[in-house]
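# Survey of secondary and tertiary structure
Each chain, written out:
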Amino acid sequence: MELFSYFNLQTLFIFVFTFLLVFHLLDRKKRPPGPFCLPIVGYLPFINKEAPYQTLLKLKEKYGNIFAIQMGFVPTLVISDPYLIKRLFLMEAFCGRAPLYLTFGIMQGYGLICSEGQIWRDHRKFVAHVLRNLGKYKTASGRNLIEEVIINGVDDFVMDLRHNTGQPVNITPYLRHSIGNIVNELVFGVTYKMEDETWVYLQHLLDEGFKHVAVAGPLNFLPFLRHLPKFKKTMKFILEGKQKTHIHYEEILQSIDSDKHEYRNVAEAYMIELEKKRGNVGTFTKQQIYHVLADLFGAGTDTAMTTIKWILLYMTKYPDKQERIQEELDSVVGRNNDVQMGDLAKLRYLEAFTMEVQRINNILPLGVPHSCTEDRIVEGYYVKKGTMILPFLWAMNLDPNLWKDPENFRPERFLDEYNNIIKPEFFMPFQTGRRVCLGEDIGKLTISFFVAAVLQNFNVTLKDDYDLNENAEYGFTLVPRYYELIPTCR
Ligand code: HEM
């Protein structure tokens, strides 16, 4: 019996192997180059979990600016040519979302980040319009609403640093609180107190959730793993978190007076829109609205916070450049004046420094992946529908064909001889095209106002040395390892 089943197994194996071989030989479509990948798991076992971008960088060196790997069940095209990315991401066919378990299994195609097609188009247009209007609305202080909300967050953070002057401080909880509240105010019209229980829970979800949904997480590529005990726990955490936040969002939505004609945040805009639709909601379902609100909170908080953490860390590493920014601040703003929106364009070295940090330590080394929604030919290669398109930002930012001495930290590369900002078109920390970051302007303003206010008030140094050459912590974003900042009053 055993011999029989062994024989059967062997026959089956030969049959499958021959079938695959013939299929492969008959398939005349030109495939992109790439490494050998195992059945089922593909290249996943060979990817450095702590720093997947390092593995892909080695593959890029071998196979070039466009190569294919199999990530579990997901065929993937890794592109390190920014000009090609620019062209592709303008086309609808390359603006689907990657077929990850997170995108369709957990988020079920709802929201902004994980949606595609009509639902994405409707809500992207709606939210972009709402954010533009919020930016035009003038408050009593003469600032626009977005600027005012950001300044309130900045003031909170500076106050927190003042309480810790001269001593080492882990800035993460303070930053998360201040930036989270900026997004909360713009999205929900809510500002939480630091110790508010709901807020503590929402921050915990954000922190842990981001780690779980990392692009290279195996669950994304091998959804069947969710049945294993280890992943069951992850799934339970994510799904419970989703359910609880939606209940909380519903309470916020219910507290909004939808008879108003003007909105001051995204949630109000949605409620007013629902009132106008009078039951004919189309894609404006509650489920979709909860997801959009959650996406704005998640995408807006972690990204800006992490970028600021990197910038402040680099400030401590380059005290001469820190001093140059302070001199710039003194001459443009003055020591005792608040930074105004109009000042930001004149703070050129600060902007160049920020861009250089975003280049050399991009917080999204693998970018935010897209997918190809139909069979296509790219650079002569056949790319089948459902392929994940990975814009390999890390490789683009360190490419010696694009940048002079890319390994060196040199903000001056973003300034011309007249001290004007140069923004090369191959530099795309917010990506590019139809799905370009929806919060780019808010993100940039938040970063500039925070860093400017910190350096206007403090000199910053580090408690312990920090080796920038060691790997940072990779979750969905690339986060600096734990450090403590010492702010001293200027
Ligand atoms: C330094 C800060 C930020 C960085 C580096 C950043 C980066 C990105 C990137 C690379 C994408 C992917 C674009 C694509 O798929 O092609 C993205 C998408 C997105 N970002 Fe940002 N972002 C930042 C801040 C923000 C803020 C403050 C918000 C909201 C208030 C926001 C909301 C979004 C949304 C909703 C999307 C999804 C857009 C879509 O799929 O249509 N981001 N962001």
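Reference entry: report on the structure contained in this document. Sequence order as written defines the numbering, with residues in each chain counted from 1. Predicted model: local features are reported for residues with pLDDT of at least 70 only, side-chain atom pairs are reported and counted for 80 or more only, and whole-chain, interface and lining totals are derived from all residues. Side-chain measures here rest on the full set of heavy atoms in the structure, leaving out hydrogens and waters.

What the protein contains, in helices and strands, is 17 helices and 11 strands. For 490 residues, the compact-globule estimate of 2.2 N^0.38 gives 23 Å, and the C-alpha radius of gyration of the protein, at 24 Å, lies within 12% of that figure. Dimensions of the protein, computed from C-alpha atoms along their principal axes, come out at roughly 85 × 60 × 40 Å. With a 1.4 Å probe rolled over the protein chains alone, any residue whose accessible area is under 20% of its type maximum counts as buried; one over 50% counts as exposed, and the rest are partly exposed. Out of the 490 residues belonging to the protein, those deemed buried represent 54%. Taking contacts inside the protein between residues at least 6 apart in sequence as the whole, the part at least 24 apart equals 73%. Under the counting rule used here, the positive set is Lys and Arg, the negative set is Asp and Glu, and His together with the chain ends is not counted. The atom standing in for a charge is NZ when the residue is Lys, CZ when it is Arg, CG when it is Asp and CD when it is Glu. Of the side chains in the protein, 56 bear a positive and 57 a negative charge, and the two mean positions are spaced by 6 Å. Strands here are runs of E lasting at least two residues and helices are runs of H or I lasting at least four, both read from the DSSP assignment and numbered beginning at the N terminus. We take the radius of gyration over the C-alpha atoms and set the globule estimate at 2.2 Å times the residue count to the 0.38 power. Whether two residues are in contact is decided by their heavy atoms, any of which lying within 4.5 Å being enough.

As a further point, take the site of the ligand. Whether a residue is near a molecule or strand depends on its heavy atoms: it is near if one of them lies within 4 Å of it. Taken together, 24 residues sit near the ligand, with Arg-97, Trp-120, Arg-124, His-370 and Cys-437 positioned nearest. Within the side chain of His-370, one N or O atom sits 2.8 Å away from an oxygen atom of the ligand. In the model, an oxygen atom of the ligand is placed 2.8 Å from a nitrogen or oxygen of the Gln-431 side chain. Looking at the shell around the ligand, the elements with two or more residues in it are helix H5 (117-136), helix H12 (286-317) and helix H17 (440-457). Counting residues per element, the shell around the ligand draws most heavily on H12, at six residues. Contacts described as polar in this section are N or O atom pairs within 3.5 Å, which, within protein, must combine one atom able to donate a hydrogen with one able to accept it, while residues neighboring in sequence count only if both atoms come from side chains.

Before going further, it helps to spend a moment on the packing of aromatic side chains. Working definition: an aromatic ring pair is given by the centre-to-centre distance plus the angle between the planes. Stacked, tilted and edge-to-face are the three classes assigned to paired rings of Phe, Tyr and Trp, where Trp is represented by its six-membered ring and a pair needs centres within 6.5 Å; plane angles under 30 degrees give stacked, over 60 edge-to-face, the rest tilted. Counted according to the given criterion, the structure contains 23 aromatic pairs. Consider the rings of Tyr-53 and Trp-394, whose centres lie 4.5 Å apart with planes at 50 degrees: the pair is tilted. You can see Tyr-53 sitting in helix H2 (residues 52-63) and its partner Trp-394 sitting in helix H16 (residues 393-397), a full 341 residues away along the chain. Using a relative accessible area of 2% as the deciding quantity, one classes Tyr-53 as buried. When the centroid spacing of 5.7 Å and the interplanar angle of 55 degrees are considered together, the rings of Tyr-270 and Phe-284 count as tilted. Note that Tyr-270 is positioned in helix H11 (residues 266-277) and Phe-284 in the loop between H11 and H12, a separation of 14 residues in sequence.

Below, the discussion takes up unusual backbone geometry. You will see that Gln-108, though not glycine, has its phi angle at about 50 degrees, which is positive. By the element assignment, Gln-108 lies in the loop between helix H4 (101-106) and H5. With a phi angle near 60 degrees, Gln-431 is a residue other than glycine that sits in the positive phi range. Looking at the element boundaries, Gln-431 is found in the loop between H16 and H17.

Of all hydrophobic cores here, the largest spans 132 residues; its most connected members are Leu-56, Ile-69, Ile-171, Tyr-270, Leu-293, Trp-310 and Phe-392. The biggest single contributor to this core is H12, with 15 residues. Excluding residues within four positions of it along the chain, Leu-56 makes contact with Phe-67, Ile-69, Val-78, Leu-366, Leu-390 and Phe-392. Here the nonpolar core consists of buried residues drawn from Ala, Val, Leu, Ile, Met, Phe, Trp, Tyr and Cys, with membership extended through side-chain atoms lying within 4.5 Å. Residues Cys-372, Val-378, Tyr-381 and Met-396 belong to the second largest nonpolar core, which totals 17 residues.

Right, let's talk about the coordination of the iron atom of the ligand for a bit. Note on metal sites: the ideal angle is 109.5 degrees for four tetrahedral donors, and 90 or 180 degrees for six octahedral donors. If you check the protein contacts of the iron atom of the ligand, you find one donor only, Cys-437 (SG), at 2.3 Å. Looking at the element boundaries, Cys-437 is found in the loop between H16 and H17. Atoms are scored as donors when they are N, O or S and lie within 2.8 Å of the metal, with 3.2 Å used for Na, K and Ca; no water is included, so coordination may look incomplete.

We now examine the environment of Arg-410. Mapped onto the elements of the fold, Arg-410 is located in the loop between H16 and H17. Overall, the relative accessible area of 26% leaves Arg-410 in the partly exposed class. Distance in space between the C-alpha atoms of Arg-410 and Gln-118 is 43 Å, their sequence separation being 292 residues. Beyond its immediate stretch of four places on either side in the chain, Arg-410 contacts Glu-356, Lys-404 and Asp-405.

Attention now moves to the packing of H5 against H11. Contact geometry of H5 with H11 gives a least axis separation of 10 Å together with a crossing angle of 120 degrees. The angle between the axes of H5 and H11 places the two elements in the oblique class. Regarding H5 and H11, the two cross each other, and that crossing is right-handed. Residues His-123, Phe-126, Val-127, Val-130 and Leu-131 of H5 form the contact with H11, whose participating residues are Val-266, Ala-269, Tyr-270 and Glu-273. Where helices are involved, their axes are fitted lines through C-alpha atoms of the stretch in contact, as for all axes, and angles between N-to-C directions lie from 0 to 180°. Here roughly perpendicular refers to angles of 65 to 115 degrees, roughly parallel to angles under 35, roughly antiparallel to angles over 145, and oblique to all remaining angles. Helix crossings get a hand from a simple test, with the near helix turned counterclockwise from the far one by less than a right angle marking a left-handed crossing and a clockwise turn marking a right-handed one.

Here strand E7 (residues 388-391) shows a buried face lined by Met-388 and Leu-390 and a second buried face lined by Ile-389 and Pro-391. If DSSP finds at least two bridges between two strands, the strands pair. Note: strand E2 (residues 74-79) against E7, four bridges, orientation parallel. Bridging from a neighbouring strand, Ile-79 pairs with Pro-391 of E7. Sheet topology note: the strand E4 (residues 370-371)/E7 ladder contains two bridges and is antiparallel. In the strand pairing of E7, Ser-371 is matched with Met-388.

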